Amino acid sequence: MTYPPKSLAFQPKREVAKIQEQKLQELLAYLSQNSPFYKDLFATNNIDINRIKTLDDLRLIPTTTKEDLQKRNDDFLCVDRCEIIEYSSTSGTLGSPVTISLTEGDLERLAYNEYNSFTCADGSPADLYQLMLTLDRQFMAGMAYYSGIRKIGAGIIRLGPGVPSLQWETILRLKPTAIVAVPSFILKLIQFAQEHNIDINSSSVKKAVCIGENIRNTDFSLNILGKKITEAWNIKLYSTYASTEMQTAFTECGEGHGGHHQPDLLIVEVLDEHNNPVTPGESGEVTITTLGVEGMPLLRYKTGDICHYYDEPCACGRASIRLSSIVGRKKQMIKFKGTTLYPPALFDLLNGMEEIKDFVAEVYSNEIGMDEVLLHLLPVSYTDDCDRKIRANLQARLRVSPHITYLKHDEMQKLQFPEAVRKPVKFIDKRK
Ligand SMILES: [Zn+2]
């Protein structure tokens, strides 16, 4: 498959819909021929794919869930094993990991996707990116960024995650213009620089593509983490949201008003719990249909990620919809003594408390099956005064008191970086 030089995101909505409908029909024909899972799904539900013509007709097809993908992983594969080049996997933070297999064509599509993403985030051949994330452990994103940045013609430093001293030594020596990192790690970089008399604002780094954690509230204003970074470091932040299953990213442009949808690569629906579309600004589950994927295409796949969408055209000229930062993952919703809470809101609260240097939130079921929250905290000091302030603040903001345990620095390290994780663990779900 060849890709247009300019993303469809710039085209008027009606034109885009026509192209997507064409691609949808190609996908349906492809799935009905090659996908054991979707052949079953069409047969079981008496779906005549020739009757699915428009994007609205998609609603006649049942959605696909993460459980489907976990239970019948191999049945999603549409090609012979010898055509598979890369075996990526999901992180398995929510249940068993899923293998997503990519063909050469899929890898080309993935590169095009990140080419668009990094171009959207003001990337150019003049940039040099320091990648502060893993490129192995079957992590699709690392490989995707690498190939997308190559396509732009910008430079790449593959430094890997962690180790602030090495990150800074490399920044000072090779002078990258941009970093790709987890926002809470950017805070650690700032802290390290402050402790070692590095003048961060005279460094070469001018922008950061932020992965894995929110830097904005759903109204696009910076959240506490985003504010803490930009108050200390004069760099521009770009948020990006993606998942292994969709093999596509939603990345912000310089306006910082949500992640842009790439209509040539995905059909997106934002659905309520009854699978009806929500209106702009309402919470719904991101549901995707992949376009142009050969190995493991997905049809109406419910990602489990809850967010809002906005459909007015962006000042950057792109007309495709934009997604807010992720409100939460559906499965991670905490029903907490009469209130409901998603981890990102809890993280934002914890990030904003100056008595807390680092944290891991744990949720488990108590004897009567209700959710309980245990916060593992690295406090600034182990005094009664500090403890009192933390408890009072949590009580005031959450209106309920979570359990708290205080850890030493190395205990926190161990909890956040168990064997073989790709990102620091901030949330542990032990519910049954
Ligand atoms: Zn834009």
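Residues numbered from 1 in each chain as written. Predicted model: local features only at pLDDT ≥ 70, side-chain atom pairs only at ≥ 80, totals over all residues. Heavy atoms only, no water.

Okay, the overall build of the protein next. Helix and strand counts for the protein come out as 11 helices and 21 strands. Its C-alpha atoms give the protein a radius of gyration of 22 Å, near enough to 22 Å, the size a compact globule of 432 residues would have. Principal-axis analysis of the C-alpha atoms gives the protein an extent of 70 × 60 × 40 Å. Burial status across the protein gives 53% buried among its 432 residues. The long-range share in the protein, meaning contacts at least 24 apart out of those at least 6 apart in sequence, stands at 66%. When the accessible surface of the protein is totalled, it reaches about 19700 Å², and 50% of it is carbon and sulfur. A gap of 2 Å separates the mean positions of the 50 positive and 55 negative side-chain charges of the protein. (Helix = DSSP H or I, 4+ residues; strand = E, 2+ residues; numbered from the N terminus. Rg over C-alpha atoms; globule rule 2.2 N^0.38 Å. Buried < 20%, exposed > 50% of the residue type's maximum accessible area, 1.4 Å probe, protein only. Contact = heavy atoms within 4.5 Å. Areas by Shrake-Rupley, 256 points an atom, 1.4 Å probe, with all protein chains shown as cover. Lys, Arg positive; Asp, Glu negative; His and termini not counted. Charge placed at Lys NZ, Arg CZ, Asp CG, Glu CD.)

Before going further, it helps to spend a moment on the coordination of the zinc ion. The protein atoms donating to the zinc ion are Cys253 (SG), His260 (NE2), Cys314 (SG) and Cys316 (SG), with metal-donor distances spanning 2.1 to 2.3 Å. The site at the zinc ion holds four donor atoms, and with the angles between them running 103 to 115°, its shape is tetrahedral. All donors to the zinc ion come from one chain, and their sequence spacing reads C-x6-H-x53-C-x1-C. Residue Cys253 is located in the loop between β8 (248–251) and β9 (259–260), and its partner Cys316 is located in the loop between β13 (309–310) and β14 (322–323); the two are separated by 63 residues in the primary sequence. (Donors = N, O, S within 2.8 Å, 3.2 Å for Na, K, Ca; no water. Tetrahedral: all angles 85-135°; square planar, octahedral: opposite > 155°, others 65-115°.)

Here we take up the domain arrangement of the protein. Assigned domains within the protein: domain 1 (1–327) and domain 2 (333–430). Computed over C-alpha atoms, the centres of domain 1 and domain 2 are 28 Å apart. Broken down residue by residue, the surface that domain 1 buries against domain 2 is led by Arg137, Ile224 and Val327, which jointly contribute 32%. Across the contact surface, domain 1 and domain 2 share one salt bridge. At the boundary of domain 1 and domain 2, one finds three residue pairs in polar contact (both at pLDDT 80 or more). Breaking the side of domain 1 that touches domain 2 down by element, the ones donating at least two residues are α7 (183–195) and α8 (224–232). Here the side of domain 1 that touches domain 2 is built from residues that sort into six nonpolar, 10 polar and four charged. (Domains from an automatic or database assignment. Buried area = accessible area lost by both parts, 1.4 Å probe. Salt bridge = Lys/Arg side-chain N within 4 Å of Asp/Glu carboxyl O. Polar contact = N/O pair within 3.5 Å; in protein donor to acceptor, adjacent residues only side chain to side chain. Nonpolar A, V, L, I, M, F, W, Y, C, P; charged D, E, K, R; others polar.)

Here we take up helix α2 (residues 36–44). Among all positions in α2, only Phe37, Tyr38, Leu41 and Phe42 are buried. Projected down its long axis, α2 shows its buried positions confined to an angular sector of 125°, all on one face. Of the exposed residues in α2, those oriented more than 90 degrees away from the buried face are Ala43 and Thr44. Against the buried residues of α2 lie α1 (13–34) and α3 (66–71). Where α2 terminates, the next one or two residues include Asn46, which has phi positive at roughly 50°. (Arc of directions from axis to C-beta.)

This paragraph deals with the nonpolar core. Counting residues in each nonpolar core, the largest one holds 47 residues, and the members touching the most others are Leu24, Leu28, Tyr38, Phe42, Ile61, Leu299 and Leu323. Mapped onto this core, the elements with two or more residues apiece are α1, α2, β2 (99–103), α4 (104–120), α5 (140–152), β10 (266–271), β11 (284–290) and β12 (301–307). Among all residues touching Leu28, those that are not within four sequence positions of it are Phe42, Ile49, Ile52, Ile61 and Leu299. Among the nonpolar cores identified, the runner-up in size contains 37 residues, and Ile152, Ile198, Ala208 and Ile211 belong to it. (Core = buried A, V, L, I, M, F, W, Y, C linked by side-chain atoms within 4.5 Å.)

Turning next to the packing of aromatic side chains. Inspection of the entire model under this criterion finds 10 aromatic pairs. For the pair Tyr38 and Phe42, a centre-to-centre distance of 6.3 Å together with 35° between the ring planes defines the contact as tilted. Of this pair, Tyr38 and Phe42 are both found in helix α2, four residues apart, which corresponds to roughly one turn of the helix. The pair Tyr38 / Phe42 is uniform in exposure class, with both members buried. Seen in terms of ring centroids, Phe347 and Phe359 are 5.6 Å apart; in terms of plane orientation they differ by 40°. Their pairing is tilted. Here the residue Phe347 occupies a position in helix α9 (residues 343–351), and Phe359 occupies one in strand β18 (residues 356–365), the gap between them amounting to 12 residues. For Phe359, a relative accessible area of 3% corresponds to the buried category. Three or more aromatic residues joined by ring pairs form one cluster here, namely Phe37, Tyr38, Phe42 and Phe76. Sitting over the ring of Tyr382, Lys408 keeps its end group 4.0 Å from the ring centre. Stacked on the ring of Phe359, the Lys or Arg Lys426 has its end atom at 4.3 Å from the ring centre. (Phe/Tyr/Trp six-rings, centres within 6.5 Å; stacked < 30°, edge-to-face > 60°. Lys NZ or Arg CZ within 6 Å of the ring centre and 35° of its normal.)

Turning to the pattern of salt bridges, a few remarks are in order. Tallied over the entire structure, the rule returns 22 salt bridges. For the salt bridge of Lys207 with Asp127, the shortest nitrogen-to-oxygen distance reads 2.9 Å. Of this pair, Lys207 sits in strand β6 (residues 207–210) while Asp127 sits in the loop between α4 and β3 (128–131); the two residues are 80 residues apart in sequence, bridging distant segments of the chain. Salt-bridge contacts for Asp385 lead to Lys389; the nearest nitrogen and oxygen are separated by 3.6 Å. Here the residue Asp385 and the residue Lys389 both occupy positions in helix α10 (residues 384–398), the gap between them amounting to four residues, near one helical turn. The partly exposed category is assigned to Asp385, whose relative accessible area is 37%. The class for Lys389 is partly exposed, based on a relative accessible area of 44%. A network of salt bridges, in which partner residues are shared, links Asp40, Arg72 and Asp75.

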